[in-house]
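So the chains spell out like this:
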Amino acid sequence: MINITKTLIALIFSLTMSSNLLAIGSSSKSPEEKAADDAKKAVVEYNNGVQHMEKANQILKVGDSAFAYNYRATSDAKAQREYNNAVKNFKNALDLKPDMKEAYNNLGYCYRKLGDLDNSLKAYTNALRLDPDFAQAREYLGETYLALKNLDKAKEQLNYLTELKSPYADTLTQSIKMYELIEISEKINSYSK
């Protein structure tokens, strides 16, 4: 009986030690392997964020303009939930891979649609810090400036896009034109009251 107990204890000890060694061996990845794993996880988080963003955009499809002029925040609760979920995913992606300009860009978009214009500006600024010629981020930044009623700053982004010969210049041009029409309409309405 004693031999069986000793053997059993030795076996348990041996199994415990081997599983500890396996755990130690599997957690000692090189910095390159960890960076590669983090990049893969960041892509998964990013793609999940894009899915949430697309769901929110589908919810709003009927209410949004046919043009890109959609700088205003949404009041639709279902869409807000999806944008908030997307924000979480994009932040997770950036925690894993801080140089993912696309995640910053989409984070800025979601913040803008949620009405958080300060964080929207910060996200676009980070995207453009990583790539100053990132045309979509410049167009979205211009939309954010329109939401802030800063037409001059929006036009600065348009000028940059025009210099880049980016098709996003056309999108921002349409948004600026719609913004100007709404401003004129609001002035006319205020005079007629």
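Please refer to the structure placed before this passage.
Residues numbered from 1 in each chain as written. Predicted model: local features only at pLDDT ≥ 70, side-chain atom pairs only at ≥ 80, totals over all residues. Heavy atoms only, no water.

> Looking at this model, I keep getting lost on the overall build of the protein. Mind explaining?
Looking only at helices and strands, one finds eight helices and zero strands in the protein. In the protein, the order of α-helices and β-strands from amino to carboxyl end is α-α-α-α-α-α-α-α. Split into buried and exposed, the 193 residues of the protein put 33% on the buried side. When the accessible surface of the protein is totalled, it reaches about 12,000 Å², and 57% of it is carbon and sulfur. (Helix = DSSP H or I, 4+ residues; strand = E, 2+ residues; numbered from the N terminus. Buried < 20%, exposed > 50% of the residue type's maximum accessible area, 1.4 Å probe, protein only. Areas by Shrake-Rupley, 256 points an atom, 1.4 Å probe, with all protein chains shown as cover.)

> Whenever I open this one, the nonpolar core confuses me. Can you help?
Generally speaking, soluble globular proteins have nonpolar side chains that are buried together. Among the nonpolar cores identified, the biggest contains 39 residues, and Tyr83, Phe90 and Cys110 are the most heavily contacted of them. Of all the secondary structure elements, the ones that give two or more residues to this core are helix H2 (31-60), helix H3 (77-96), helix H4 (101-114), helix H5 (117-130), helix H6 (135-147), helix H7 (151-164) and helix H8 (168-192). Once residues lying within four places of it in the same chain are set aside, the contact partners of tyrosine 83 are Met53, Ala56, Asn57, Leu60, Thr74, Tyr109, Cys110, Lys113 and Leu114. (Core = buried A, V, L, I, M, F, W, Y, C linked by side-chain atoms within 4.5 Å. Contact = heavy atoms within 4.5 Å.)

> It is not clear to me how the pattern of salt bridges should be interpreted in this structure. Could you clarify?
Side chains carrying opposite charge are able to pair once their charged atoms draw close together. Here the structure, examined in full by the defined rule, presents six salt bridges. Residues lysine 97 and aspartate 99 are paired through a salt bridge, measuring 2.8 Å at the closest nitrogen-oxygen approach. Given the relative accessible area of 26%, lysine 97 is considered partly exposed. On the basis of relative accessibility, which here comes to 45%, the residue aspartate 99 falls in the partly exposed class. (Salt bridge = Lys/Arg side-chain N within 4 Å of Asp/Glu carboxyl O.)

> Would you take a moment to explain H4 for this structure?
Because an α-helix packs 3.6 residues into every turn, residues spaced three or four apart end up facing the same way. Spanning 14 residues, H4 covers 20 Å between terminal C-alpha atoms, matching the ideal 20 Å at 1.5 Å per step. Of all the 14 residues making up H4, eleven are buried; the element is thus mostly covered by neighbouring parts of the structure. Turning to H4, its buried residues number three or more, namely Ala103, Tyr104, Asn105, Asn106, Leu107, Gly108, Tyr109, Cys110, Tyr111, Arg112 and Lys113. Residues of H4 that are buried in the fold lie against H2, H3, H5 and H6. Of the residues trailing H4, glycine 115 is marked for its positive phi of about 85 degrees. (Expected span 1.5 Å × (residues − 1).)

> Teacher, can you tell me more about unusual backbone geometry here?
Working note: non-glycine residues mostly have negative phi, and peptide bonds are mostly trans. For lysine 149, which is not a glycine, the phi torsion comes out positive at approximately 60 degrees. Position of lysine 149 relative to the elements: it lies in the loop between H6 and H7. Lysine 149 gets classed as exposed once you look at its relative accessible area, which sits at 52%. Within the chain, lysine 165 stands out as a residue other than glycine whose phi angle is a positive 60 degrees. Within the secondary structure layout, lysine 165 lies in the loop between H7 and H8. Taking relative accessible area as the criterion, lysine 165 reaches 74% and is therefore assigned exposed.

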